[in-house]
Amino acid sequence: MTVRRSSRHPRTCPGFLAFILLILSVQLVKTSSEHDPYKILGVGRSASQTEIKRAYKNLAKEWHPDKNKDPKAEEMFIKVSKSYEILSNEERRSNFDRYGQMDENQPFGQSQHQGFRGFHNSFYFDESFFHFPRSRDFADSKYLLHHAQFNSDVLPDSHKRPYLIKVTSEWCFACIHIEPVWKETVQELEPLGVGIGIVDLGYERRLANQLGAHRAPSIIGLVNGRVTFFHQAVVREHLRQFIENLLPQRLVEKITDDNYLAYLDNWHAENKPSVVLFDQVPVVPLLYKLTAFAFRDYVRFGYVDQGDTHNTRLLRQFNINTYAPTMLLFKEDTEKPVDIIQARGMKRQIMDEFVSNNKFLQVPRLVNQQLFDELCPVKQFHRRRKYCVLLITGEEQAFLPGNKAFLDFASANKKEVLRFAYVYQRQQQPLCLALLHNQAALSPQVVILERRSQAGKVLYRSVSGGWNGSEEDKYRLHEQLELLQKDPTYLSSDTTLPELNNEMAPMFLIQWMNAAYDYILQIYDDLLYSNWREMMPILSLIFSALFILFGTVIIQAFSASSYRPPKKDFVEVTELTDITYTSNLVKLRPGHINVVLVLTNASKTALLRKFAKEVFSFSGTQTLHFSFLNADKHRHWMPSLLRSATDVMQSEGHSDEDEESSDYTGHVLALNGYKKYFCLFRPVFTGDDPNDSSSETSSHSREDGLDRLGLWMERLMEGTLPRLRVPAWPALEETINNSSTES
């Protein structure tokens, strides 16, 4: 039997195709409506950023899973958050308005095709088959960071607590691999006070570039605004140690029987309360370090290992229970703590409340403006009045009894509306003069004040009679405080206070050294792990600094004759004689120049004075020497020198007789003994003839001839003066012999 195969195509029913297209269209419209961020937030397409933000806040409160028990609350909350991410960013919003794109990395038209996924899911595998969930878990979505939020909130907050940030992206195999470890680490560190953040490379490229993260996954630590990359294996213990290493060194001081008294007594110098934690473990717990980091500007922290045999006296003195961690807080009284907490499971919230309620001493010293603002805040409402009782005193031993009496009075009169403090008059003179009517106080004074504005305006009243700590002074101060609470108009004077001096400014050098140490560690860490992209600006800065430094050294080495400021307040000028002639000229060291003034017995005093004045600014140069030649003693030396410089003598046309009869008084020579050349300065005389011996102003005229010597010296240092070369230096003793023979 032969079977014939038909070559005709099967006929398709037009009704069935129309039905399929109708279903797809409905599915597309439905899916597009579900993913429209404008409809999810309930705003129009022309809504402003303020309206979008307001709608997001209202919906976030309504659908937050912790408050809404609806099974769809978590899914709706994620949709609301995702919609706000798109509409709050102008670039993403523009992309959605034009193309319907939900993601800046999503290809054109992909969002439209997303509407078909619901239909095709019944027949084909989508990306969930490969374990790439497109919708982020709610646990991760609450940690997502945006560029503006990071700079306004996270960056300033990193000065109070460290942050652990994960850089991730969708379609990332390695990100999925580390996810279980990341979740365990977050569950452990977040209750301790570590900030957690997640940056999506696809959505927050700008923030990723700011952090220096260019690949996913990356883990970053952020402390004090400084970014540090994690380079070890992603294990929970490594991540915990990474956070601990980011914290500054010496946050917590180890306390023993030997140093606990010095530690507690240091409250006066540090102007801070002291907290001591007693625990059984030999190392300081991370929870305690994080608390110390958060309150390091207000409180000092110490740690006692209860298992250490060197701490038995300390445990016995304060009656510490060794079965549970104990925290003691000390203020001015070092023998008795003002507050104690003891709990087996010490929580971060408990420690924060314990420390924040005791941030200040009972009577702290005002050492800067920030402390003054916190202790004595500006009045905002009538019921929130804060009166500051200020003792103006001194730091000498004689003031200690009065200061102690003021502390006792403050301890016995604790009230919510009263804040007690003191200042040292010598350290805060502008403040004290403003409160004491520009008169320095000879004895301690007490001033009651109320701040009225951030600009420094205050109402105040001085307590009459001063303060010496007597019972009468205490009664008078108590009486005036009672009157003040009954009648706020009791403060009758007003003034504007200047900003307080920062007495802790010397601590800036120590802080700068610690910051430099941390910066060097960061550079070493980046070099060790070859993070070259982030290291390029730093390396460029280092090599530029080395190049400048090296170039400066080279220039100084080749410019040994460069100007240096004088080391003495006078100029050493020696006379050229037959004894000094050889060392000061003939055998002068290479590169050295001897500046010689020619004078006579009559003009010696005046010319030397003027010469020293003109060359004083150059006397610090080590290669310059200064001498004078007496023409009355060595009359033929100058003519002999000039005859040797034949090129100059020919150009000037002088004869030997003219040279020997010329007067060279006031001439200055710069002699280079090694290279056998000299530069010549000729004085310029104005007014009376200097050769006229009968003139009374002859010496003054010769002295004025050196007025331009300073400019000539500058040209000498620049090397721009003409040089006259000689074959050999004429001998000084020969000129003497010739002079005596002719005479």
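Anyway, here's the lowdown on the structure attached to this text.

Quick notes on the rules
- Every residue gets a number counted from 1 within its own chain, in the order that chain's sequence is written.
- With the structure being a predicted model, the display of local features is reserved for residues of pLDDT at least 70 and the display and counting of side-chain atom pairs for 80 or more, all residues being used for whole-chain, interface and lining totals.
- In computing side-chain values, all of the structure's heavy atoms are included and hydrogens and water are not.
- Counting from the N terminus, the helices are DSSP H or I runs at least four residues long and the strands are E runs at least two residues long.
- Residue exposure (1.4 Å probe, protein chains only): buried if accessible area is under 20% of the type maximum, exposed if over 50%, otherwise partly exposed.
- Only heavy atoms enter the contact rule, under which two residues are in contact if any of them lie within 4.5 Å.
- Only the protein chains shown count as cover for residues, and the accessible areas themselves come from Shrake-Rupley with a 1.4 Å probe.
- Here the rule is simple: two strands pair whenever DSSP picks up at least two bridges between them.
- In this analysis, axes come from line fits to C-alpha atoms, helices being fitted only over the stretch in contact, and the angle between any two N-to-C directions falls in the range 0 to 180 degrees.
- By definition here, a salt bridge exists when the distance from a side-chain nitrogen of Lys or Arg to a carboxyl oxygen of Asp or Glu is within 4 Å.
- Note on terminology: angles under 35 degrees are roughly parallel, angles over 145 are roughly antiparallel, angles of 65 to 115 are roughly perpendicular, and the others are oblique.
- If you view the pair so one helix is near and one far, a crossing is left-handed when the near helix is turned anticlockwise from the far one by less than a right angle, and right-handed when it is turned clockwise.
- Note that Gly is not counted as nonpolar here; it falls among the polar residues with everything else outside the nonpolar set of Ala, Val, Leu, Ile, Met, Phe, Trp, Tyr, Cys and Pro and the charged set of Asp, Glu, Lys and Arg.
- For patch building, the residue pool is restricted to those with more than 30% relative accessible area and no salt bridge; the joining distance is 9 Å between like charges and 5 Å between nonpolar side chains (Val, Leu, Ile, Met, Phe, Trp, Tyr).
- Positive residues here are Lys and Arg, negative ones are Asp and Glu, while His and the chain termini are left out of the count.
- Here the site of a charge means NZ on Lys, CZ on Arg, CG on Asp, or CD on Glu.
- Working definition: a disulfide is two cysteine sulfur atoms within 2.5 Å of each other.
- By convention a nonpolar core is built from buried Ala, Val, Leu, Ile, Met, Phe, Trp, Tyr and Cys residues, the set being connected through side-chain atoms within 4.5 Å.

### A few points about the overall build of the protein chain
Within the protein chain one finds 31 helices and 20 strands. Per-residue burial for the protein chain yields a buried fraction of 43% across its 743 residues. If you take every contact in the protein chain between residues at least 6 apart in sequence, the share linking residues at least 24 apart comes to 71%. Accessible surface, the protein chain as shown: approximately 42600 Å² in total, 54% of it carbon and sulfur.

### Description of the sheet that holds strand β16 (residues 593–599)
One open sheet holds the 6 strands; their spatial order is β15-β17-β16-β18-β19-β20, and the pairing between them is mixed. Sheet topology places β15 (573–575) and β20 (724–725) at the edges, where each strand pairs with a single neighbour. Sheet analysis places β15 next to strand β17 (residues 624–630), joined by 3 bridges and oriented parallel. Its bridge partner being in β17, T574 is matched across the sheet by S627. Sitting on the sheet, helix α26 (residues 637–644) touches β16, β17, β18 (668–672), β19 (677–681) and β20, and the angle it makes with β18 is about 60 degrees.

### Some thoughts on the pattern of salt bridges
Going through the model one piece at a time under the given rule, you end up with 22 salt bridges. The salt bridge involving D352 is made with R348; its shortest N-O contact spans 2.8 Å. Taken as a pair, D352 and R348 lie in helix α17 (residues 348–356) at a separation of 4 residues, close to a single helical turn. On the basis of relative accessibility, which here comes to 22%, the residue D352 falls in the partly exposed class. Accessibility expressed as a relative area gives 11% for R348, which makes it buried. Across the pair R365 and E503 runs a salt bridge, and its minimum N-O distance is 3.3 Å. You can see R365 sitting in the loop between α17 and α18 (369–375) and its partner E503 sitting in the loop between β14 (493–496) and α22 (507–528), a full 138 residues away along the chain. E503 sits in the buried class, given a relative accessible area of 17%. One salt-bridge network, held together by shared partners, links E188, R236 and R240.

### Let's talk about the packing of helix α3 (residues 49–63) against helix α4 (residues 73–87)
Angle between the axes and distance between the axes are the two parameters that describe a pair of packed helices. One can describe the packing of α3 onto α4 by two numbers: an axis separation of 9 Å at closest approach and a directional angle of 165 degrees. Of the possible angle classes, the one that applies to α3 and α4 is roughly antiparallel. Between α3 and α4 lies a crossing of left-handed hand. Contacts between α3 and α4 pair Q49, I52, K53, Y56, L59, A60 and W63 from the former with A73, M76, F77, V80, S81, Y84 and L87 from the latter. Residues that form the contact of α3 with α4 fall into these classes: 11 nonpolar, 2 polar and 1 charged.

### A closer look at the environment of L442
Tracing the backbone through its elements, the reader meets L442 in the loop between α20 (429–435) and β12 (445–451). Once the C-alpha coordinates of L442 and G394 are considered, the two residues, 48 residues apart in sequence, prove to be 9.8 Å apart.

### Points about the packing of helix α10 (residues 173–189) against helix α12 (residues 236–246)
Two elements in contact, α10 and α12, have axes separated by 9 Å at closest approach and are oriented at 45 degrees. Classified by the interaxial angle, the pair formed by α10 and α12 is oblique. For the pair α10 and α12, the crossing hand works out as right-handed. Of the residues in α12, those touching α10 at V181, E184, T185, E188 and L189 are R236, L239, R240 and I243. Classifying every residue of the contact of α10 with α12 gives 4 nonpolar, 1 polar and 4 charged.

### So, a positive patch on the surface
Judged by side-chain charge, K53, K57, K61 and K67 come together as a positively charged surface patch. The topology assignment puts K67 in the loop between α3 and α4. Under the relative-accessibility criterion, K67 is labelled exposed at 65%.

### Let's talk about the sheet that holds strand β8 (residues 326–330)
Strand order across the open sheet formed by 5 strands is β5-β7-β6-β8-β9, with mixed pairing between neighbours. Lying at the two open borders of the sheet, with one neighbouring strand each, are β5 (253–254) and β9 (339–342). Both β8 and β9 contribute to a ladder of 4 bridges, which runs antiparallel. Looking across to β9, one finds that L329 is bridged to D339. Docked against the sheet, helix α15 (residues 286–294) engages β6 (274–279), β7 (300–305) and β8, running at close to 165 degrees with respect to β7.

### Remarks on a nonpolar patch on the surface
The grouping of I542, F543, L546, L549 and V553 at the surface amounts to a nonpolar patch, some 490 Å² of accessible area in total. With respect to the helices and strands, the residue L549 is situated in helix α23 (residues 532–558).

### Observations regarding the pairing of strand β2 (residues 195–200)
In the case of a regular strand, side chains alternate between the two sheet surfaces. Of all the 6 residues making up β2, 6 are buried; the element is thus mostly covered by neighbouring parts of the structure. Where strand β1 (residues 163–168) lies against β2, 6 bridges are found, and the strand directions are parallel. Residue L164 lies in a different strand from β2, and its bridge partner there is I196.

### Observations regarding the state of the cysteines
What the rule picks out here adds up to 2 disulfides. Covalently, C172 is tied to C175 through a disulfide, its sulfur atoms 2.3 Å apart. Measuring handedness by torsion sign, the sulfur bridge of C172 and C175 sits at about 75 degrees and is right-handed. For the pair shown, C172 and C175 are each scored as buried. Paired by a disulfide, C376 and C388 hold their sulfur atoms 2.3 Å apart. You can see C376 sitting in the loop between α18 and β10 (387–393) and its partner C388 sitting in strand β10, a full 12 residues away along the chain.

### Regarding the nonpolar core
By size, the foremost hydrophobic cluster in this structure holds 64 residues, and its most contacted members are L164, Y288, F301, M327 and L366. When residues in this core are grouped by element, the largest group, 6 residues, is from α15. Each residue touching F301, except ones within four places of it in the same chain, is listed here: L251, V252, E253, Y263, V275, Y288, T291, A292, F295 and V355.

### Re unusual backbone geometry
For the bond from A216 to P217, the omega torsion is 0 degrees, close enough to zero to count as cis. With a phi close to 55 degrees, N319 is a non-glycine residue in the positive phi region. With respect to the helices, strands and loops of the structure, N319 is situated in the loop between α16 (312–317) and β8. The class of N319 is exposed, set by a relative accessible area of 70%. Of note in this structure, K676 is not a glycine but carries a positive phi near 60 degrees. Residue position: K676 is located in the loop between β18 and β19.

Everything listed here is a matter of coordinates, which is why it stays silent on function.
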